[in-house]
Amino acid sequence: MARLDLRGIHKEFGEVTALAELSLEVESGELVSLLGPSGCGKTTALRIVAGFEQPTRGELLVDGSDVTPVPASKRNMGMVFQAYSLFPNMTARQNVEFGLRMRKVARDKCRARAGELLELVGLATRADNYPHELSGGQQQRVALARALAIEPAILLLDEPLSALDAKVRVDLRQQIRHVQQRLGITTLYVTHDQEEALSISDRIAVMSDGKLEQVGAPAEIYRSPRSEFVANFVGLMNGFDGRVQAPDLVAVGASERPIGVVEGHGRATGDRVLVLIRPESVDLKELADGATPSDGAFEGKVAMHTFLGSVTRVNLSSDLGDLVADVPSLRALTMPPGTRVAVRVDPVGVRLLPR
Amino acid sequence: MATVAAPAETKAGRAPRKRRHVSFWTWFWLIMAALYFLVPLYSTLQFSLETSQHGYGFKWYSQIFADPMFRTSFLFSLRLAVETVIIGLVLMVPTVYWVHLRLPQLRPVMDVVSILPFVVPPVALVVGLSGVFNVMPWLLSNSQILAFIYVILALPFTYRSLDAGMRAINVKTLTEAAQSVGAPGWKTLLFVILPNIRTAMLGGAFLTLAIVMGEYTISSLLLFNTFAVYMYYIGNTEAQPAAALAIISFTLTWGAMMGLFLLSRRRGRASSPGVTAVSR
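Residues numbered from 1 in each chain as written. Chains lettered and ligands numbered in written order. Predicted model: local features only at pLDDT ≥ 70, side-chain atom pairs only at ≥ 80, totals over all residues.

1. Things to note about the overall build of chain B
Next, step 1: When you go through chain B residue by residue, the secondary structure sums to 12 helices and zero strands.
Next, step 2: Listing the helices and strands of chain B from first to last along the sequence gives α-α-α-α-α-α-α-α-α-α-α-α.
Next, step 3: Per-residue burial over chain B gives 29% buried out of 280 residues. (Helix = DSSP H or I, 4+ residues; strand = E, 2+ residues; numbered from the N terminus. Buried ≥ 20, exposed ≤ 12 C-beta atoms within 10 Å, placed from the backbone.)

2. Some words on the overall build of chain A
Next, step 1: Scanning chain A for helices and strands turns up nine helices and 20 strands.
Next, step 2: Based on the C-alpha atoms only, the size of chain A along its principal axes is roughly 80 × 45 × 35 Å.
Next, step 3: Counting over 355 residues, chain A shows a buried share of 43%.
Next, step 4: Once local pairs closer than 6 in sequence are excluded, the contacts in chain A between residues at least 24 apart make up 67%. (Contact = placed C-beta atoms within 7 Å.)

3. Considering the domain arrangement of chain A
Residue and element names in this part refer to chain A.
Next, step 1: Taken domain by domain, chain A holds domain 1 (4-232) and domain 2 (236-354).
Next, step 2: Distance between the C-alpha centres of domain 1 and domain 2: 39 Å.
Next, step 3: Taken together, the contact pairs six residues of domain 1 with six residues of domain 2.
Next, step 4: Residues that form the side of domain 1 that touches domain 2 fall into these classes: two nonpolar, three polar and one charged. (Domains from an automatic or database assignment. Nonpolar A, V, L, I, M, F, W, Y, C, P; charged D, E, K, R; others polar.)

4. Comments concerning the interface of chain B and chain A
Next, step 1: Residue-level contacts link 25 residues of chain B with 26 residues of chain A.
Next, step 2: Looking at the side of chain B that touches chain A, its residues break down into 12 nonpolar, 10 polar and three charged.

5. What about the sheet that holds strand E17 (residues 311-318) of chain A?
All names here are of chain A.
Next, step 1: The strand order E15-E19-E16-E17-E18 describes an open sheet built from five strands, whose pairing is antiparallel. A single partner strand is all that each edge strand has here, and the edge strands are strand E15 (282-286) and strand E18 (322-328). Within the sheet, the average angular offset between the axes of one strand and its neighbour, ignoring direction, is 45°.
Next, step 2: The pairing of E17 with E18 spans seven bridges and is antiparallel. (Pairing = 2+ DSSP bridges. Axes fitted to C-alpha atoms, helices over the stretch in contact; angles between N-to-C directions.)

6. Regarding the nonpolar core
Next, step 1: Judged by nonpolar contacts, the single largest core of 150 residues is most densely connected at A:Val49, A:Ala145, A:Leu156, A:Leu188 and A:Val206.
Next, step 2: Of all the elements, helix H6 (residues 144-168) of chain B adds the most residues to this core, at 11 residues.
Next, step 3: Looking at this core, you find at least three residues from each of domain 1 (4-232) and domain 2 (236-354) of chain A.
Next, step 4: Setting aside chain neighbours within four positions, we find A:Ala145 in contact with A:Val96, A:Leu117, A:Leu118, A:Leu120 and A:Val121. (Core = buried A, V, L, I, M, F, W, Y, C linked by C-beta atoms within 7 Å.)

7. Details of the sheet that holds strand E1 (residues 4-13) of chain A
Residue and element names in this part refer to chain A.
Next, step 1: Taken together, the four strands give an open sheet; going across it, the order is E2-E1-E4-E5, and neighbouring strands pair in antiparallel fashion. Looking at the sheet topology across the chains shown, the edges are occupied by strand E2 (16-26) and strand E5 (65-66).
Next, step 2: Taken together, the two bridges between strand E4 (residues 57-62) and E5 define a ladder with antiparallel strand orientation. Paired with Leu61 across the two strands is Asp66, which belongs to E5.
Next, step 3: Contacting E1, E2 and E4, helix H1 (residues 42-50) runs over the sheet at an angle of about 115° to E1.

8. Examining helix H5 (residues 122-135) of chain B
All names here are of chain B.
Next, step 1: In this model H5 runs 20 Å from its N-terminal to its C-terminal C-alpha over 14 residues, within 8% of the 20 Å that 1.5 Å per residue would give.
Next, step 2: The sharpest bend along H5 measures roughly 25° and falls at Leu129.
Next, step 3: Burial analysis of H5 places just zero of its 14 residues in the buried class, a small minority of the element. (Expected span 1.5 Å × (residues − 1). Bend = angle between axes of the 7 residues up to and from the residue.)

9. Things to note about unusual backbone geometry
Note: most residues except glycine have negative phi, and most peptide bonds are trans.
Next, step 1: A positive phi is found at A:Glu151, a non-glycine position, where the angle reads about 50°.
Next, step 2: Of note, A:Glu151 is situated in the loop between helix H4 (136-149) and strand E7 (154-158).
Next, step 3: One non-glycine residue with positive phi stands out, namely B:Leu223, at about 65°.
Next, step 4: Following the sequence through the fold, B:Leu223 ends up in the loop between helix H10 (217-221) and helix H11 (227-237).
Next, step 5: Judged by the 8 C-beta atoms lying within 10 Å of it, B:Leu223 falls in the exposed class.

10. Things to note about the environment of A:Ser38
Residue and element names in this part refer to chain A.
Next, step 1: Its place among the elements puts Ser38 in the loop between strand E3 (31-35) and H1.
Next, step 2: Judged by local crowding, Ser38 falls into the exposed class, with 8 C-beta atoms found within 10 Å.
Next, step 3: Sequence spacing of Ser38 and Thr191 is 153 residues, and the spatial spacing of their C-alpha atoms is 9.4 Å.

11. Points about the packing of helix H3 (residues 107-120) of chain A against H4(A)
Residues and elements named next belong to chain A.
Next, step 1: At their nearest, the axes of H3 and H4 sit 9 Å apart, and the two run at 135° to each other. When the interaxial angle is binned, H3 and H4 end up oblique. The handedness of the crossing between H3 and H4 comes out as right-handed. On H4, the residues touching Arg113, Ala114, Leu117, Leu118 and Leu120 of H3 are Ala145, Leu148 and Ala149.
Next, step 2: Of the residues assigned to the contact of H3 with H4, the class counts are seven nonpolar, no polar and one charged. (Parallel < 35°, antiparallel > 145°, perpendicular 65-115°, else oblique. Left-handed = near helix turned anticlockwise from the far one by under 90°.)

12. Description of the packing of H4(A) against helix H5 (residues 166-183) of chain A
Residue and element names in this part refer to chain A.
Next, step 1: It is the contact of H4 with H5, at a shortest axis distance of 11 Å, that shows an interaxial angle of 15°. Relative to H5, the element H4 lies roughly parallel. Note on packing geometry: the crossing formed by H4 with H5 is right-handed. Here H4 contributes Gly137, Gln140, Arg141, Leu144 and Leu148 to the contact with H5, which in turn contributes Val168, Leu172, Ile176, Val179 and Leu183.

13. Things to note about the pairing of E17(A)
All names here are of chain A.
Next, step 1: The sheet contact formed by strand E16 (residues 298-307) and E17 spans seven bridges and is antiparallel. When the bridges of E17 are listed, Thr306 appears paired with Arg313.
Next, step 2: In this antiparallel pair of consecutive strands, E16 and E17, the connection spans three residues, and Gly309 shows a positive phi of 105°.
Next, step 3: Once E17 ends, the chain turns through three residues before running back antiparallel as E18, passing Gly321 with a positive phi of about 130°.

14. Some thoughts on helix H2 (residues 92-102) of chain A
Residues and elements named next belong to chain A.
Next, step 1: Extensive coverage of H2 is indicated by the burial of eight of its 11 residues.
Next, step 2: Those residues of H2 lying buried are Ala92, Arg93, Asn95, Val96, Glu97, Phe98, Gly99 and Leu100.
Next, step 3: In the core, the buried residues of H2 are packed alongside H3 and H4.
Next, step 4: Of the residues trailing H2, Lys104 is marked for its positive phi of about 60°.

15. A few points about the pairing of E4(A)
Next, step 1: The sheet contact formed by E1(A) and E4(A) spans five bridges and is antiparallel. Following the sheet pairing, A:Asp5 is matched in E4(A) by A:Leu61.

16. Side note on the confidence of the model for chain B
All names here are of chain B.
Next, step 1: The predicted model of chain B averages 83 in pLDDT, with 86% of residues at 70 or higher.
Next, step 2: Considering only residues more than four positions removed or in separate chains, one finds that residues 1-15, a stretch of pLDDT under 50, has four contacts.
Next, step 3: Here residues 269-280 is modelled with pLDDT under 50, and outside its nearest four sequence neighbours on either side it reaches 30 contacts, counting other chains as well. (pLDDT = per-residue confidence, 0-100.)

What follows is the structure, encoded as structure tokens:
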């Protein structure tokens, strides 16, 4: 277990700035995900931590010691790659043993440790198989065992699930989290999949254009995004222009429709704001012919349904503008496209950002 | 509950293979190609075995094997071939590895440089080298110099084989994976990269062997009695022993190729170099 500290890491490739003064602390035993779209610099950050790239400036500390000039082979960091990276000329067991053999560990100890780790990742029976005899998911599990065999100070995972199919991804991410928690190993996990980051991390660092947009617990990132980018990248958001009318009320859209908001948002009355509403905070109720919405609700018309399993994503046209709501699928059946509905927004799901 | 029927399987557990229809023209061109190669070979073989008007035997082969010049020139060329292979691989494996790993932008340059020996004829190469020999004439007295010249001649084959071998594996990811678990550069090359490009190295080595064993122009111009020079000499003086020598030479080359084929098959069963790079 070790503490990882990235201090002002800056990286330029020619004239392109890949990382701009990135600072991040990862506590001992913590799993932090670097989340962002392609090209945001998350893999570059991970490669700098691994020692495969040198930062243009900045420091990388492990337990307070500067490891920036230390070569990758001496950093004691295990890494699992996005591409299948098992050594094709070695069996699963030999792959796991490789790092220990490089450290001149006795053969019987290598074998015992490899056996333990293959057991841990559920592949004890495939120890003598070559990589081409294993499925993608099995190969990544062996790669995880190989990375853990050297008892690394830090575990680095570079989109290890992106080449796998959906079912295997879910199983394997749970297994990675289970192993990480069991061993209590400090882990930096790179992904562009927000669902993966939300489900596996202690904290998420959302990145964009080489910079950290927000760092926080998954629930905090989801509920209280600090920027429009985070709001749109992590989950789905309805966004509207608005103006604060009162501490608990905001006027939304061109029609200035008033919507309730939880106090303490830090904006003053009269401020122009971006109003963000999560789809699951939008409640819909079918309107009878001639009926009008009451108690702060407003009218909308169902335009389209997208069935997602337990919930159905409903696109509406409303006074606010186009709006998306996530509705339990059984309820959505009662409001097919064309249905008039009363729309009510839960103030807890409304977030205000400065304009 | 609905079930999906699995395709019928044979006793061996495999789905029956569809019998592919092979057209008349496929067979026709296949047989024509085979005849094109086999007829001259058969004629040479028959000619090399003729001892009198209607008799056959190994007389000319015995004569060749008994000739001390044959053994001397053959062993000399073989030694040169082994030296060329070693120098070529020691020089090219780290170079190609480094280009793949750190300087991929240099690959087009390497491609062009590697085909230069095809563009520059051996005669021109010797003329060019004569400038070096004028300054350092003692180089000519050492037959070792031939191996260094042959490294240049074999460069296209060595480079292409190694390049293809390294393209087949994900050199960068494998190297980084090895480094991440503590392997320094030379151990990565030795334990991870080399075993996975073994077939490519063998391919390059056997092509080099074939080139060196048959190279005539440079060795004759520099007055070295290599196997090719000996073959040429025998061809000019005795027709049937020359045919026997051609068959011996062919058999040796064929044997080397078969060795490569069998080695690569055995390697294929043990592992496959399929490291998949996933696009981001």
